[in-house]
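Architecture and fold: a report
Listed below are the residues making up each chain.
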There are 2 protein chains.
Amino acid sequence: MAKKVLVMATNNSHKLKELREIVDGEVEILSLQDINFHDDIPETCDTLEGNALQKARWIKDRYGYDCLADDTGLMVDALNGAPGVYSARYAGEGHDSAANTRKLLANLEGADSRRAHFSTYIALLIDNDCHIFEGRVDGEISLQPTGEGGFGYDPVFVPDEGGGKSFAEMSGEDKNLISHRGRAVRKLVEFLHTLDR
Amino acid sequence: MAKKVLVMATNNSHKLKELREIVDGEVEILSLQDINFHDDIPETCDTLEGNALQKARWIKDRYGYDCLADDTGLMVDALNGAPGVYSARYAGEGHDSAANTRKLLANLEGADSRRAHFSTYIALLIDNDCHIFEGRVDGEISLQPTGEGGFGYDPVFVPDEGGGKSFAEMSGEDKNLISHRGRAVRKLVEFLHTLDR
């Protein structure tokens with residue numbers, strides 16, 4: 001039977017490489033470049049699941065390929081779920097992760113609770129069906145950034161299961177075992193493994 | 001300024017009438033019949049939010065109108081969230097609400113917990129943006145159906161805020177005050193009221 005082909009609707013080459021390493025034996029993962037798409041896909045939804053689904057649908061409708069896309073956010077209890085779907089642009093367009101993190105710490109000054117969670121949603125459009133996979137990790141926002149690894153809010157996110165370390169203090173492998181993204185990807189891969197049986 | 005026009009992607013005339021009564025002053029709500037769509041919209045997603053968004057997108061892409069759609073499910077803790085997105089067809093295609101309810105009660109026999117919640121998701125595609133509104137109500141699945149009102153699982157769902165009555169024992173008005181659907185619709189309407197200001 002022919003190998004299944006899936007487009008991954010992301011311009012993040014790290015995510016592409018990661019998924020290819022896990023499933024390329026069974027499923028061929030094409031990049032947006034592979035299908036000659038060199039644009040940005042609009043993220044117009046006010047939920048993570050909605051953005052993931054809309055991005056996958058954008059490519060599927062234009063190119064016909066089965067397709068997957070993801071979106072991730074950090075939801076902080078004391079900020080009513082902010083920065084949430086706006087996590088990547090919390091300090092405004094054109095600002096970097098350090099600015100986002102500074103804004104987060106400033107907004108949490110004096111807060112009673114520092115509870116937060118990361119969630120990743122992956123939307124998969126395949127064989128006329130639509131599947132959503134969520135991964136979530138709960139933890140606390142620390143008072144100060146620690147660690148040099150990871151990216152985004154990793155230096156201020158201390159997962160409950162991480163022995164007190166921030167995500168940025170953990171190896172990529174250790175982070176992946178408990179992270180939102182690791183969990184969502186494992187659910188996706190588990191599903192992909194059930195195809196063609 | 002011209003009145004906004006929205007298509008409601010449902011074949012349920014009750015839902016259409018309800019929304020029209022609430023917002024028709026400010027927003028004109030068109031039915032699928034009004035735009036000459038006489039087919040079923042596929043529900044292919046394994047989440048409520050995904051189905052709502054896909055239904056709205058289906059109409060928006062084909063007709064260009066700003067559009068909204070919804071999906072509702074009953075999630076039972078002891079059944080790992082079942083019947084969930086399959087609530088309307090839990091006992092199989094072509095079976096009615098009574099059959100679904102009997103199956104639910106049978107599957108819950110002897111369960112430690114009878115906790116459950118209803119959720120409604122409404123997806124709104126408007127002005128190139130996508131908004132998701134959720135309404136949720138928590139409660140218990142009763143041992144036996146009670147009441148003659150409502151529909152679906154209403155006779156076996158006893159909301160925490162309902163004084164011990166099932167949804168089917170409440171007036172439509174009382175149910176609407178605390179129901180998943182009432183809450184989601186009020187969030188939608190609140191948003192629609194902010195448009196054009």
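Preceding block: the structure.
Starting from 1, residues in each chain are numbered consecutively following that chain's sequence as written. Lettering for chains starts from A, numbering for ligands starts from 1, and both go in the order in which the items are written. With pLDDT at 70 or above as the cut-off, local features in this predicted model cover only qualifying residues; side-chain atom pairs require 80 or more to be listed or tallied, and sums for whole chains, interfaces and linings still use all residues. Side-chain metrics rest on all non-hydrogen atoms present in the structure, leaving aside hydrogens and water.

Further remarks concern the pattern of salt bridges. Pairing is possible between side chains that carry opposite charge, provided their charged atoms lie close to one another. A carboxyl oxygen of Asp or Glu within 4 Å of a side-chain nitrogen of Lys or Arg is what we treat as a salt bridge. Counted under the stated rule, the structure contains 28 salt bridges over all chains. One salt bridge connects Arg57(B) with Asp61(B), and the closest N-O pair in it is separated by 3.4 Å. In this pair, Arg57(B) and Asp61(B) are both assigned in helix α2 (residues 48-63), four residues apart and thus about one turn of the helix distant. A cluster of three or more residues bridged by salt bridges with shared partners is formed by Lys15(A), Glu18(A), Asp70(A) and Arg181(A). Helix and strand assignments come from DSSP, with helices taken as H or I runs of at least 4 residues and strands as E runs of at least 2, each series counted from the N terminus.

As a further point, take unusual backbone geometry. A cis amide bond links Ala82(A) to the next residue, Pro83(A), at an omega of -5 degrees. Inspection of the secondary structure assignment puts Pro83(A) in strand β4 (residues 83-84). At Asn80(A), a residue that is not glycine, the phi angle is positive and equals roughly 55 degrees. By the secondary structure assignment, Asn80(A) is in the loop between β3 (67-76) and β4. At Asn128(B), a position not held by glycine, the phi torsion is positive, near 65 degrees. For Asn128(B), the position within the fold is in the loop between β5 (115-126) and β6 (129-141).

This part takes up the packing of helix α1 (residues 13-23) of chain A against helix α5 (residues 180-194) of chain A. All names here are of chain A. Interhelical geometry of α1 versus α5 gives an angle of 40 degrees and a closest axis separation of 11 Å. Relative to α5, the element α1 is oriented oblique. Of the two possible hands of crossing, α1 and α5 adopt the one that is right-handed. Residue-level inspection shows Lys15, Glu18, Leu19, Ile22 and Val23 of α1 in contact with α5, the latter providing Arg181, Val185, Leu188, Val189 and Leu192. Here the contact of α1 with α5 is composed, by residue class, of seven nonpolar, no polar and three charged. Here, axes are lines fitted to C-alpha atoms. For helices the fit covers the stretch in contact, and angles between N-to-C directions go from 0 to 180 degrees. Here the angle decides the label: under 35 degrees means roughly parallel, over 145 means roughly antiparallel, 65 to 115 means roughly perpendicular, and every other value means oblique. Crossing handedness is read from the near helix: turned anticlockwise from the far helix by less than a right angle, it gives a left-handed crossing, and turned clockwise, a right-handed one. Any two residues whose heavy atoms approach within 4.5 Å at even a single point are treated as in contact. When residue character is reported, Ala, Val, Leu, Ile, Met, Phe, Trp, Tyr, Cys and Pro are called nonpolar, Asp, Glu, Lys and Arg charged, and the others, Gly included, polar.

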